[in-house]
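# Notes for the structure review
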Amino acid sequence: MPEIQMREALNQAMCEEMQRDPDVFLIGEEVAEYDGAYKVSQGMLAKFGPMRVVDAPISESGFAGLGVGAAMVGMRPIIEFMTFSFSLVAFDQVVNNAPKIRHMSGGQLKVPIVFRGISGPGQQLGATHSWTVDALYTHVPGLKVVCPTTAYDAKGLLKTAIRDDDPVIFLENESMYGLRGEVPEKEYLLPFGKADIKREGSDCTVVAWGHCCLIALAAAEKLHKEHGIEVEVIDPRTLRPLDMPAIMASVRKTGYCVTVEEGYPQCGVGAEIAAQLQENSFDYLDNSVIRVAALDVPMPYSKPLLQHVLPGVDRVADAIKKAIYFQG
Amino acid sequence: MTLNGKGVSVTTLVEPQQKIDPSPSQMMDWYRQMVLIRAFEMRCAQSYQQQKIGGFCHLYVGQEAVAVGSIAAVRPADYVITAYRDHGHAIARGMDIHPLFAELYGKKTGCSHGKGGSMHFFDAKKNFFGGHAIVGAHIPLATGLGWAAKYRKEDRVVLCYFGDGAMNQGSFHEALNLAGLFKLPIIFMVENNGYGMGTHLHRASAVTDLKLRTGDAYGIPGKDVDGMDCVAMYRMTMAAAEYCRKGNGSIFLDVKTYRYRGHSMSDPQKYRTKEEVAQYQEHDPIGRLEKQLKDSRILDDKKVTQISDEIHAQVEAAHEKADADAYPDTADVWSDIYANTFGDYKA
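Since the model is a prediction, treat every value here as computed from it, not as a measurement.

## Some details on the sheet that holds strand β2 (residues 158-163) of chain B
All names here are of chain B.
- Within the open sheet, the five strands sit side by side as β1-β2-β3-β7-β6. Their pairing is parallel. Looking along the sheet, the strands with just one partner apiece sit at the ends: β1 (79-81) and β6 (222-226). The sheet shows a mean angle of 20° between the axes of neighbouring strands, taken without regard to direction.
- Relative to strand β3 (residues 186-192), β2 runs parallel, the two being bridged by six bridges. Counted as the bridge partner of Y161 is M189 from β3.

## Some thoughts on unusual backbone geometry
- The amide bond that connects R240 of chain A to the next residue, P241 of chain A, takes the cis arrangement and shows omega of 0°.
- In this fold, P241 of chain A is placed in the loop between β12 (238-240) and α8 (244-254).
- Cis rather than trans, the peptide bond between G130 of chain B and G131 of chain B has omega equal to 25°.
- By the secondary structure assignment, G131 of chain B is in the loop between α4 (97-104) and α5 (139-151).
- Of note in this structure, R237 of chain A is not a glycine but carries a positive phi near 65°.
- Relative to the helices and strands, R237 of chain A resides in the loop between β11 (231-235) and β12.

## Regarding the domain arrangement of chain A
Residues and elements named next belong to chain A.
- What the domain assignment lists for chain A is domain 1 (3-182) and domain 2 (196-323).
- Summarising the inter-unit geometry, the C-alpha centres of domain 1 and domain 2 are found 26 Å apart.
- With 23 residues of domain 1 at the contact, the number on the domain 2 side is 25 residues.
- For the side of domain 1 that touches domain 2, the secondary structure elements donating two or more residues are α5 (134-138), β6 (144-146) and α6 (151-163).
- Partitioning the side of domain 1 that touches domain 2 into residue classes produces eleven nonpolar, nine polar and three charged.

## Some words on the packing of helix α1 (residues 24-49) of chain B against helix α10 (residues 285-295) of chain B
Residues and elements named next belong to chain B.
- Interhelical geometry of α1 versus α10 gives an angle of 150° and a closest axis separation of 10 Å. Relative to α10, the element α1 is oriented roughly antiparallel. The element α1 and its partner α10 pack so that their crossing is left-handed. On the side of α1, the interface is formed by M27, M28, W30, Y31, M34, V35 and R38, while α10 contributes P285, I286, L289, E290 and L293.

Basis of the calculations
- Residues numbered from 1 in each chain as written.
- Chains lettered and ligands numbered in written order.
- Predicted model: local features only at pLDDT ≥ 70, side-chain atom pairs only at ≥ 80, totals over all residues.
- Pairing = 2+ DSSP bridges.
- Helix = DSSP H or I, 4+ residues; strand = E, 2+ residues; numbered from the N terminus.
- Axes fitted to C-alpha atoms, helices over the stretch in contact; angles between N-to-C directions.
- Domains from an automatic or database assignment.
- Contact = placed C-beta atoms within 7 Å.
- Nonpolar A, V, L, I, M, F, W, Y, C, P; charged D, E, K, R; others polar.
- Parallel < 35°, antiparallel > 145°, perpendicular 65-115°, else oblique.
- Left-handed = near helix turned anticlockwise from the far one by under 90°.

Printed below as a string of structure tokens:
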């Protein structure tokens, strides 16, 4: 199986879907002539031309709304936000128009649109450019939220997102674009709402997605090597729909749960998972669910401060040890 | 003088099509539509006071000629989108009034099954795309409708209505820039009734000749039009639609109109005098068309009374039917959210 970068996997997904369906087009800042701010859309302008790979002005509310309007009449726009931090100036289009028009029209219309781009604190960009929007958008009925961890996941999930008839928030991570992974040459799609067990284990369940899933896997490996602790890492792949049955099944096996996210702890995704677990699996838990999240502060610029705020391998490993009452 | 971006004065490009004389039967149809909208709105006012209608309710009384004259000038395949004062546009686009009353009363038989309310009328089959309640937020959607038409090389124009208050929203300016940049076939129509809620245009807009705010700024030429005159609305919209269909891009119409009622039903209207309202009522769009039709001997007093009686009976019947209709089942809250459902999501 060929190994490709995550950015190539995303590129392949978009190109395949655009070849398959003439109603799919990509619009965003610098996606066409510049070949993509992060080179995800590299070569697409040459392949599909300027009506299908469209450079938008710096006008998020405008081009996000353009996408929603086009989707109302059956087109399948892919809106690239250079970062989801900039989606906040288009927040009304994303949380009010995209997910509510179907509802407010009594089901007469559908809005098949994908909003994709990077989420999460990048490379010391300061507080305004460092949003992790997972919880913000997962909060909204009518949206679907996808967060791929590997190149394989990215391609299969993006193809599903483009074919889905509802608005999908597709969250990528800048630091992961260059990571390589095996991707089959044959076409495949991955379903929404189906978690993937990224590592099997019997001592503690860790729920993590996207960049944090890689941190969780590193922490699991460290605990395995240092203490023989066997951690099960569950990657939900999509946060809405969220595969709680898979998380519950794992917790009922291990008795312990840790969640890891780069977003904030208050009303975060981990908080939601913990709440659902105590509602559905209380008797199976041998300790409280422990959340690892960004510290509850705006993202600082200075590198050591930023590293302190974000979850890292040691913090996750410590949380797992605490969760399972590990003495050592 | 407003330029179209190529240095050409648009007054030479877009002139109301004076030569197009609507037929007597067309004008009679518009007359009936306007009487119907007004009767519908007056029944809404009553139903609101009787607490049959909840939430906000923005009446179109006084502005009837705008929707009726302009929608008459476009085709069924064209796209229509508007803001929250949407009753008139829905009726002019041909929506049956029973599902509109039912929607207002929150009934299952409503056009949006009671999910939308007054501000969210939709009829996809008639290419009527709402009914949008956040001021200015639907204007970018109009660019998407225009984009789809252009992308698919379809002969369609978009008719996008909004109020003068919406022109101070960022979404308006972003949308107009995109429409100008991509040369999208959109008629942007400000229903300039002089007030954004209770604030007069002069207290809200740095430049009050509104076409100046789109012409040189976004390459979208603008024209003024008398929104109290249904025939003028028709002629100007015909010209504007032709301009868009020829691939010239978008056009902006500053439609001077007036609402007789408050911004919404809960507006005490302390910001204007009764004399001001009365002054505009002298130019009432229904009265004006009625006079034209009488002068042309198409209409007489007897016929006016007959039409009024018929329409009021039609409105009462639709209201009564909707009033008697059932509310949705509580289980219906789970439907109309996702088109592709998943797992155990109740849909």
